[in-house]
Amino acid sequence: MALTRREFISGTAAGAAGLVVGGVVGNIIGGGGDGETVGGGAVTGVSSDITAIAEARGLEPGDIAKAVKTFVPGGRPELDEFYVFSSGGHSGQLMVMGVPSMRILKIIGVFTPESWQGWGYGSESDAVIKAGTTSEGGPVSPSRPTLTWADTHHPALSETDGEYDGRWVYIQDRANGRIAMIDLRDFKTKQIYDVPNLVSSHGGCFVTPNSEYVHISTKTPTLRDGVDPASALENFADSFRGYSTFLAINPQTGRFDIERSFQVELPPYTQDLADAGKLLSFGWVFIGSYNTEMAYGGNLEGNPPIEVGASKADFDYLHMVNWKKAEQVVGTRSVMLNGMRVIPLDVAIEEGILYLAPEPRSPHGADVSPNGRYIVVGGKLDPHVTIYDIEMIEKAIAAQDFEAHDQYGIPILRFDSVVSGRVEVGAGPLHTQFDDKGYGYTSLFLESAVAKYSLGAPDFTAEESYKLVDKVPVHYNIGHLVAMEGDTVKPAGKYVIALNKWSIDRYAGIGTLNPQNFQLVDLTGEKMEVLSDTPIGMAEPHYVQAIRADRIKSWDVYPPGTDQLTMQPSPHAIADGGERIEQNGTTTEVYMSVKRSNFKPDIIRVKKGDRLVLHLTNVEVTPDATHGFAVPRYNISMSIDPGEYARIEFVADVEGAFAMYCTEFCSALHLEMQGWIIVSA
Ligand code: RUQ
Ligand code: CUA
């Protein structure tokens with residue numbers, strides 16, 4: 001097909017190429033019989049006979065149904081009914097996927113630099129990452145002062161009335177006890193907060209039903225201020241404390257409001273997964289724990305290893321924290337600790353803010369059912385899930401029905417007074433999710449399976465309650481699982497995704513490290529059925545939340561001149577024609593427009609040692625007209641989306657001629673989108 005020079009420059013070449021491809025595809029689908037090869041697989045002939053194709057490729061008839069149930073053709077995004085927000089695990093990032101296609105749509109830079117979006121490579125995002133490292137969160141090595149490694153664990157979507165509202169998502173860094181906030185208008189990180197008194201965190205990050213707070217608690221407890229580390233382990237019970245943190249959410253911006261936030265001091269047990277109460281249990285947070293033995297290892301010093309010491313007792317403790325009550329007393333009865341209001345342990349006990357209940361055998365997940373009535377706990381070394389009932393818990397508290405107090409004086413509720421049922425689900429139960437019909441789904445790590453069982457009233461009679469009804473094998477070693485909107489008051493059912501840690505034999509060999517394996521499980525039939533496997537080759541994602549796609553109202557382009565960090569128009573943004581260079585002593589400020597296919601100005605001359613401040617405005621209004629901006633040898637790279645304002649500041653301390661360039665293939669003349677930064681003596 002002949003193209004005019006003008007068509008090429010304005011970018012219609014791609015469209016024309018599309019027509020050519022379309023023609024070929026049309027022939028194949030139409031069974032035109034001209035023998036075109038499809039994808040180089042076993043099927044080289046042209047056929048529209050699905051059974052014949054399947055047979056030639058060695059597929060089972062059942063595979064066809066699975067493929068059709070999950071296939072989302074290009075240009076039909078509405079067929080992905082849900083988004084999932086997946087922790088990026090050790091990548092320190094957040095991953096967005098579509099369901100049922102399971103295609104990865106985006107990887108959002110959070111705690112770790114992300115070079116495509118230029119997150120952490122010279123722009124203001126550096127300041128966000130840097131602000132996410134403070135001494136309040138614990139000591140930091142002066143030789144490596146900014147934390148750029150994180151292990152993202154539990155994403156938590158914002159909620160209104162217990163349902164996802166599609167506004168913000170939070171994710172915590174298990175490694176360093178930090179938390180980040182991402183705005184879902186542009187899917188970008190706005191804030192990283194290094195939570196005081198938390199050196200590490202596991203137990204979630206969960207949002208309360210009206211996004212009052214996002215909760216994050218300690219994993220390994222924190223060394224108390226002033227304690228000599230040398231003898232700390234031997235005096236473990238006095239030296240360490242846990243903290244349950246309630247970070248207040250600003251209802252307009254979604255950011256953390258530290259002044260209104262608080263912590264409740266906890267005993268130095270290893271607090272684990274947590275979940276916020278809802279409806280019947282609104283106002284409570286439930287936190288599982290293990291190692292209430294407070295074992296600290298020392299296997300070369302004559303002690304048992306931690307895993308042995310921590311598994312001695314038959315019971316650990318489910319922690320119940322009443323944040324509604326805590327809210328009432330925090331103004332008068334808290335102390336300031338490293339910039340955070342803390343309700344001390346004795347006050348928490350006295351005010352009825354903190355209770356414990358026995359949990360069998362190394363518990364892990366604690367998950368609240370949609371009606372808020374049941375708290376389901378999986379014990380890694382117990383084949384049962386244990387189901388606590390908030391009505392029984394509140395009754396037992398009112399009656400002071402305690403079996404004992406722990407060594408810190410926290411009341412321990414009697415197991416039989418708070419547990420309404422147990423279900424034998426299989427080996428290694430970890431986490432639980434819920435559907436819209438009253439069933440619970442629990443991941444079985446040791447058994448590599450998902451178990452489905454009935455919960456109690458109001459969905460089931462006493463006879464029907466707590467019955468195992470189905471089980472499906474998954475591959476392999478499942479950790480978390482997520483059901484669609486399965487953490488809300490109105491789950492959507494339909495699918496569960498199994499987040500499997502091992503994938504031996506599922507994929508082609510890629511060396512000695514296999515990908516993690518996400519499996520999509522269909523819940524709509526009589527029996528659960530695995531529909532697809534998706535390799536995640538970037539890290540070990542821990543947890544995922546799934547939200548109905550129509551709840552997300554993201555922007556296509558920024559309102560002109562929006563500063564991505566504030567989401568407000570920047571006073572330094574320019575429109576076309578506003579380009580200029582201003583010299584203030586040794587600082588050079590450049591107001592630059594960015595559009596297809598040039599930077600203006602495209603020559604910047606500075607003296608060696610001068611400070612260079614670049615104000616870049618992408619003046620485009622076309623969706624997806626993103627440009628990159630990189631300065632070679634200065635470790636600077638970023639992307640500027642349509643309408644976005646971005647600021648880069650650096651000292652031009654290396655002499656030379658540096659060819660700044662656009663890193664995004666934005667147009668036919670993308671390669672020409674370049675310029676010079678001249679740094680002379
Ligand atoms: S946890 S695999 Cu790190 Cu969320 Cu249970
Ligand atoms: Cu702009 Cu390439």
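Keep in mind that what you see is a predicted model, and the values were worked out from it rather than measured.

Calculation notes
Residues numbered from 1 in each chain as written. Chains lettered and ligands numbered in written order. Predicted model: local features only at pLDDT ≥ 70, side-chain atom pairs only at ≥ 80, totals over all residues. Heavy atoms only, no water. Helix = DSSP H or I, 4+ residues; strand = E, 2+ residues; numbered from the N terminus. Buried < 20%, exposed > 50% of the residue type's maximum accessible area, 1.4 Å probe, protein only. Polar contact = N/O pair within 3.5 Å; in protein donor to acceptor, adjacent residues only side chain to side chain. Contact = heavy atoms within 4.5 Å. Near = heavy atom within 4 Å. Nonpolar A, V, L, I, M, F, W, Y, C, P; charged D, E, K, R; others polar. Domains from an automatic or database assignment. Buried area = accessible area lost by both parts, 1.4 Å probe. Salt bridge = Lys/Arg side-chain N within 4 Å of Asp/Glu carboxyl O. Pairing = 2+ DSSP bridges. Axes fitted to C-alpha atoms, helices over the stretch in contact; angles between N-to-C directions. Arc of directions from axis to C-beta. 1 Å grid on protein atoms, 1.4 Å probe; cavity = no way out; pocket = protein on both sides within 12 Å on 5 of 7 lines; lining within 4 Å. Points joined across faces, edges and corners; volume = space filled by probe spheres on them.

**Structural notes on the side chain of Ser 443**
Within the secondary structure layout, Ser 443 lies in strand β26 (residues 439–444). For Ser 443, a relative accessible area of 0% puts it in the buried group. Here the side chain of Ser 443 touches Gly 479 through a polar contact of 2.6 Å, landing on its backbone oxygen. Ignoring sequence-local partners within four residues, the contact set of Ser 443 consists of Gly 428, Pro 429, Leu 430, His 431, Ala 449, Ile 478, Gly 479 and Leu 481.

**Let's talk about the site of ligand 1**
The immediate surroundings of ligand 1 are formed by His 153, His 154, His 202, Leu 273, His 364, His 431, Gly 479, His 480, Lys 501 and His 542. Sorting the residues of the shell around ligand 1 by element identifies β4 (152–160) and β29 (478–484) as the ones contributing at least two each. Its residues assigned to classes, the shell around ligand 1 comprises 1 nonpolar, 8 polar and 1 charged.

**Thoughts on the domain arrangement of the protein chain**
Taken as a whole, the protein chain is organised into domain 1 (3–71), domain 2 (82–551) and domain 3 (562–680). Taking only C-alpha atoms, the centre of domain 2 and the centre of domain 3 are 41 Å apart. Listed as interface residues are 17 residues of domain 2 and, on the opposing side, 17 residues of domain 3. When domain 2 packs against domain 3, the two sides together hide about 1400 Å² of surface, and 46% of this comes from carbon and sulfur. In this assembly, domain 2 and domain 3 are joined by 2 salt bridges. One salt bridge in this structure joins Lys 188 and Glu 644, with 3.2 Å as the shortest N-O distance. Where domain 2 touches domain 3, the interface holds 9 residue pairs in polar contact (both at pLDDT 80 or more). No other element matches strand β7 (residues 188–194), which puts 3 residues into the side of domain 2 that touches domain 3. By residue class, the composition of the side of domain 2 that touches domain 3 is 4 nonpolar, 6 polar and 7 charged.

**Details of the sheet that holds β29**
Strand order in the open sheet formed by 4 strands is β29-β30-β31-β32, and the pairing between neighbours is antiparallel. Of all strands in the sheet, those bounded by a partner on one side alone are β29 and β32 (529–536). Averaged over all pairs of adjacent strands, the angle between their axes in this sheet comes to 20°, without regard to strand direction. Strand direction decides the pairing type here: β29 and strand β30 (residues 493–500), joined by 5 bridges, are antiparallel. Along β30, the bridge assignment pairs Ile 478 with Asn 500.

**Observations concerning the pattern of salt bridges**
Counted by the stated rule, this structure contains 33 salt bridges. Close ionic contact of Lys 69 with Glu 529 constitutes a salt bridge, the shortest N to O distance being 3.7 Å. Taken together, the residues Lys 69 in helix α4 (residues 61–70) and Glu 529 in strand β32 connect sequence positions 460 residues apart. Note on Glu 529: relative accessible area 32%, which makes it partly exposed. Residue Arg 551 is joined to Glu 485 by a salt bridge in which the shortest nitrogen-to-oxygen separation is 2.8 Å. With Arg 551 in the loop between β33 (544–548) and β34 (562–563) and Glu 485 in the loop between β29 and β30, this pair connects stretches of sequence that are 66 residues apart. Of the two residues examined, Arg 551 and Glu 485, each falls in the buried class. Among the ionic contacts, a cluster of salt bridges with common partners joins Glu 163, Glu 485, Lys 490 and Arg 551.

**Describing helix α11 (residues 390–398)**
Of all the residues in α11, the buried ones are Ile 390, Ile 393, Ala 396 and Ile 397. Along the axis of α11, the buried positions cluster into a sector of 125°, meaning they face one direction only. Turned more than 90 degrees away from the buried face of α11 sit Lys 395 and Ala 398, all of them exposed. Capping the start of α11 is the job of one residue whose side-chain oxygen sits 2.8 Å from the backbone nitrogen of Glu 391: Asp 389.

**Points about empty space enclosed by the protein**
All told, the structure shown has 1 cavity of 30 Å³ or more when counted by the stated rule. A volume near 100 Å³ is recorded for the largest cavity. Of all the elements in the fold, those that place two or more residues in the lining of the largest cavity are β4, β8 (206–207) and β13 (270–276). Tallying contributions element by element places β4 first for the lining of the largest cavity, with 3 residues. Residue classes in the lining of the largest cavity are distributed as 8 nonpolar, 3 polar and 4 charged.

**Overview of the environment of Asp 49**
Here Asp 49 is to be found in the loop between α2 (12–29) and α3 (50–56). Asp 49 sits in the partly exposed class, given a relative accessible area of 41%. Linking Asp 49 and Ala 175, residues 126 residues apart in sequence, is a C-alpha distance of 52 Å.

**Quick word on the pairing of strand β41 (residues 627–631)**
The two faces of a sheet get side chains in turn, since along a regular strand they alternate between them. Buried residues dominate β41, accounting for 5 of its 5 residues. Burial along β41 is two-sided: His 627, Phe 629 and Val 631 facing one way and Gly 628 and Ala 630 facing the other are all buried. Sheet analysis places β41 next to strand β42 (residues 636–640), joined by 5 bridges and oriented antiparallel. What sits directly across from His 627, in β42, is Ile 640. In textbook terms, the turn of a hairpin is the stretch between consecutive antiparallel strands, and for β41 and β42 this stretch comprises 4 residues, one of which, Arg 633, has a positive phi near 70°.

**Considerations on the sheet that holds strand β21 (residues 384–389)**
Across the sheet, which stays open at both edges, the 4 strands sit in the order β19-β20-β21-β24 with antiparallel pairing between neighbours. The open sheet is flanked by β19 (363–368) and β24 (419–424), the only strands paired with a single partner. Taken pair by pair, the neighbouring strands of this sheet meet at an average axis angle of 20°, ignoring direction. As paired elements, strand β20 (residues 374–379) and β21 share 5 bridges and run antiparallel to each other. Looking at β21, one finds that Ile 375 is bridged to Tyr 388. Strands β20, β21 and β24 of the sheet are contacted by α11, whose axis makes an angle of about 55° with β21.

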